[in-house]
Amino acid sequence: MPYYDVIVVGAGPGGATAAYELANAGISVLIIDKEKFPRYKPCGGGLSLKIDKILNIDIKETIENTIKGAYFSYKQKEGVFLLSDKPVAYMVMRDRFDSLLLSEAVKSGASFIDESHVKGISNGKNGYEIFVNKNPSPLPSPLRGEGWVKGGFSGDKVYNCKYVIGADGANGIVRRFLYPGIKRTLAASIEAEIPVDEELTDNHSHYVHIDFGVIPYGYAWVFPKKGFLSAGIAGFKGVAKHPKRYFEQFINGHSKINGTTEYKYKGHPIPIFNKPLNLTKGGVMLVGDAGNLVDPFFGEGIYYAIRSSQIASTVVSEAIIKGKTDLSGYDTKLSTEFYPEFMAAQQISQFVYTFPRIWFNVLSDRPELAEQYYNVLRGENRYSIFLKEIKSIAGSLMKTALKKGFLQLFK
Ligand SMILES: Cc1cc2nc3c(=O)[nH]c(=O)nc-3n(C[C@H](O)[C@H](O)[C@H](O)COP(=O)(O)OP(=O)(O)OC[C@H]3O[C@@H](n4cnc5c(N)ncnc54)[C@H](O)[C@@H]3O)c2cc1C
């Protein structure tokens, strides 16, 4: 039976990064994905600039646009442009971005098989047994993509390993192996890549559009790519009952894309952070979406998938090299680097999505607040500091809004 030090389940940004780091540390690593790569992944593809601080891989060729800010609207009626002098985020298409990270992992020595569905995990003699079924993907990438190393094999197979990294996303199997029966917090979302004239995306290439209020307890977005607009909605509460209705409402109310019919949309859960949970048990670790490591304010997950995988692979490499089994250093590091930030983002989220009208007024009146948030995205500010700033003005804003009439809060 094939044996590896580490098997990584899932070849998204989390899994590809873990495999890249491990292969570069000289660890034998196999990465398995159920889809045929390059694969489509419903995602806005907004990559905050702080990625530059952590990623060693050159991603330039996958950057479609560099964003300097946003057009914020309220219920698609009123709007304000808040643009910065400096870049805030990159726009990528996930099929190309994920394939680039994966190809770097393979170049570094990781083994990879796609179209191979991990169906089960069990404790084995020297670690874990991973049961894999060949699974031709029902989802060919509908977008660009130059083709990718062909993996897969005939028939079912069992792989053995000492450690498992679960990078298998929102619906992953590894988390269910670690925490059977435990429910997770999932935000409902829908996304579509809408083909438009390149002239249109060129004219709007330097900002994203974010709408507050059109979606209850969430937001809607349009992100510019080359020849496409990625449009979507995410609701942290309540949207789950009628996501399609909200999505269509948003598209129909959008001046640039209403009337467009040439697209398919896809729903996908976003496993936003709820509360800290141990993400290691025995020799198994969860990274990225599998560990609910998604920013609960904006639903940003790519950066956190990559960063958590870097931390996880450092911890597991050390364990292998030193012959130890304890992986708890991963949880310890997350509890200082991730969770205080996520908890601050959670509080911001509660305020913003409960009172989108007030939030929109705040942003319109105080553009410097947007700049502070852009600095969070650049890795030059912290959510905890941004939260303090919001708290310091929230009280007086609530009073003013209440004076104008309680309904003002919700109109
Ligand atoms: C509509 C939408 C919009 C979003 N927009 C943004 C955004 O603009 N910016 C941002 O930062 N984040 C965004 N996110 C979140 C982001 O997509 C995720 O946080 C990110 O993809 C997490 O990466 P990951 O590697 O953990 O998991 P994924 O990218 O989900 O990768 C998991 C991989 O595991 C594979 N897999 C799953 N189960 C198995 C199995 N049993 N066997 C084998 N393989 C398996 C899957 O095929 C997949 O390739 C968005 C999410 C959604 C749904």
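Our subject is the structure that appears above.
Below, the structure is looked at part by part. Remember, predicted model here, so these are calculated numbers, not experimental data. Every chain's residues receive numbers from 1 upward, in the order its sequence appears when written. Side-chain atom pairs in this predicted model are given and counted only at pLDDT of 80 or more, local residue features only at pLDDT of at least 70, and totals for whole chains, interfaces and linings cover all residues.

## Some remarks on the overall build of the chain
Okay, so step 1: Going along the chain from the N terminus, every DSSP run of H or I of four or more residues is numbered as a helix, and every run of E of two or more is numbered as a strand. Scanning the chain from N- to C-terminus turns up 11 helices and 18 strands.
Okay, so step 2: With C-beta atoms placed from the backbone, a residue is buried if 20 or more other C-beta atoms are within 10 Å of its own, exposed if 12 or fewer are, and partly exposed between those counts. Counting only residues that meet the buried cut, the chain has 50% of its 411 residues in that class.

## Quick notes on helix α8 (residues 339–354)
Okay, so step 1: The terminal C-alpha atoms of α8 lie 22 Å apart, and with 16 residues this matches the ideal 22 Å at 1.5 Å per residue to within 8%.
Okay, so step 2: Within α8 the residues assigned to the buried category are E341, F342, A344, A345, Q346, I348, S349, V352 and Y353. Expected helix span is computed as 1.5 Å times (number of residues minus one).

## Structural notes on helix α5 (residues 243–252)
In an α-helix, one turn spans 3.6 residues; hence positions three or four apart end up facing the same way.
Okay, so step 1: Those residues of α5 lying buried are P243, Y246, F247, F250 and I251. Angular distribution of buried residues about the axis of α5 spans 130°; they occupy a single face of the element. For α5, exposure combined with an orientation more than 90 degrees from the buried face picks out K244, R245 and N252.
Okay, so step 2: Contact definition: two residues whose C-beta atoms, as placed from backbone geometry, lie within 7 Å. Those residues of α5 that are buried lie in contact with β12 (187–195), β13 (208–212), β14 (218–224), β15 (228–235) and β16 (265–270). Working definition: the arc comes from the directions between the helix axis and the C-beta atoms, pointing outward to the latter.

## With respect to the site of the ligand
Okay, so step 1: As a matter of local geometry, the ligand sits amid 39 residues, with G10, G12, G44, G288 and G301 nearest to it.
Okay, so step 2: Counting only elements with at least two residues in the shell around the ligand, the list comes to α1 (13–24), β9 (116–124), β12, β16 and α6 (302–322).
Okay, so step 3: Broken down by class, the residue content of the shell around the ligand amounts to 15 nonpolar, 16 polar and 8 charged.
Okay, so step 4: Marked domain ranges trace back to an automatic or database domain assignment. Each of domain 1 (3–42 + 95–183 + 273–337) and domain 2 (61–91 + 186–270) gives at least three residues to the shell around the ligand. Placing a C-beta atom from the backbone of each residue, we mark the residue near a molecule or strand if the atom is within 6 Å of it. Think of it as three bins: nonpolar holds Ala, Val, Leu, Ile, Met, Phe, Trp, Tyr, Cys and Pro, charged holds Asp, Glu, Lys and Arg, and polar takes everything else, Gly as well.

## As for the sheet that holds strand β3 (residues 46–48)
Okay, so step 1: Read across the open sheet, the 3 strands follow the order β3-β7-β4; overall the sheet is antiparallel. Each edge of the sheet is formed by a strand with only one pairing partner; in this case those strands are β3 and β4 (63–67). Ignoring which end each strand starts from, the neighbouring axes of this sheet average 30° apart.
Okay, so step 2: Pairing between two strands requires that DSSP report at least two bridges joining them. In terms of strand pairing, β3 meets strand β7 (residues 89–92) through 3 bridges, oriented antiparallel. Of the residues in β7, the one forming a bridge with G46 is M91. Helix axes are fitted to C-alpha atoms over the stretch in contact, other axes to C-alpha atoms as well, and angles between N-to-C directions run from 0 to 180 degrees.

## A few points about the packing of α1 against helix α2 (residues 94–107)
Okay, so step 1: For the pair α1 and α2, interaxial distance at closest approach is 8 Å and the crossing angle is 20°. Relative to α2, the element α1 is oriented roughly parallel. As α1 runs across α2, the sense of the crossing is left-handed. Of the residues in α2, those touching α1 at P13, A16, T17, A19, Y20 and A23 are D98, L101, L102, E104 and A105. Orientation labels follow simple angle bins: below 35 degrees gives roughly parallel, above 145 gives roughly antiparallel, 65 to 115 gives roughly perpendicular, and whatever is left gives oblique. Here a crossing is called left-handed whenever its near helix is offset anticlockwise from the far helix by less than a right angle, and right-handed whenever the offset is clockwise.

## Some points on unusual backbone geometry
Okay, so step 1: F37 connects to P38 through a cis peptide bond whose omega is 0°.
Okay, so step 2: Relative to the helices and strands, P38 resides in the loop between β2 (29–32) and β3.
Okay, so step 3: One non-glycine residue, E115, lies in positive phi territory at about 50°.
Okay, so step 4: Tracing the backbone through its elements, the reader meets E115 in the loop between β8 (111–113) and β9.
Okay, so step 5: At N292, a residue that is not glycine, the phi angle is positive and equals roughly 60°.
Okay, so step 6: Structurally, N292 can be placed in the loop between β18 (284–286) and α6.

## With respect to the sheet that holds β12
The strands that make up a sheet are held in pairs by hydrogen bonds between backbone atoms, and each pair lies either parallel or antiparallel.
Okay, so step 1: Taken together, 7 strands build an open sheet; the order of strands is β6-β5-β13-β14-β15-β12-β16 and the sheet is mixed. One side of each edge strand has no neighbouring strand; the edge strands of this open sheet are β6 (78–83) and β16. Direction aside, the axes of adjacent strands within the sheet are offset by 20° on average.
Okay, so step 2: Bridge analysis of strand β5 (residues 69–74) against β6 gives 6 bridges, and the strand direction is antiparallel. When the bridges of β6 are listed, Y71 appears paired with F81.
Okay, so step 3: The sheet contacts of α5 involve β12, β13, β14, β15 and β16, and relative to β15 the element is tilted by about 135°.

## A look at the environment of K50
Okay, so step 1: By the secondary structure assignment, K50 is in the loop between β3 and β4.
Okay, so step 2: Taking the number of C-beta atoms within 10 Å as the measure of exposure, K50 has 18 and is therefore partly exposed.
Okay, so step 3: Along the sequence, K50 and A89 sit 39 residues apart, while their C-alpha atoms lie 8.2 Å from each other.
Okay, so step 4: Here K50 is in contact with Y303, L377, R378 and G379, once residues within four sequence places are set aside.

## As for the nonpolar core
Okay, so step 1: Judged by nonpolar contacts, the single largest core of 125 residues is most densely connected at V6, I7, A19, V29 and V164.
Okay, so step 2: Top element by residues in this core is α6. It accounts for 9 residues.
Okay, so step 3: Not counting residues within four places of it along the chain, the set of residues in contact with V164 comprises I7, V9, I121, Y128, I130, V174, G283 and V284. Note on terminology: a nonpolar core is a set of buried residues of type Ala, Val, Leu, Ile, Met, Phe, Trp, Tyr or Cys, with members joined through C-beta atoms within 7 Å.

## Topic: the pairing of strand β10 (residues 127–134)
Okay, so step 1: As paired elements, β9 and β10 share 8 bridges and run antiparallel to each other. Across the sheet, S116 pairs through a bridge with K134, a residue of β10.
Okay, so step 2: Across 5 bridges, β10 lies against strand β11 (residues 157–166) in antiparallel orientation. Within β11, the residue paired with E129 across the bridge is N160.

By themselves these figures say nothing about function.
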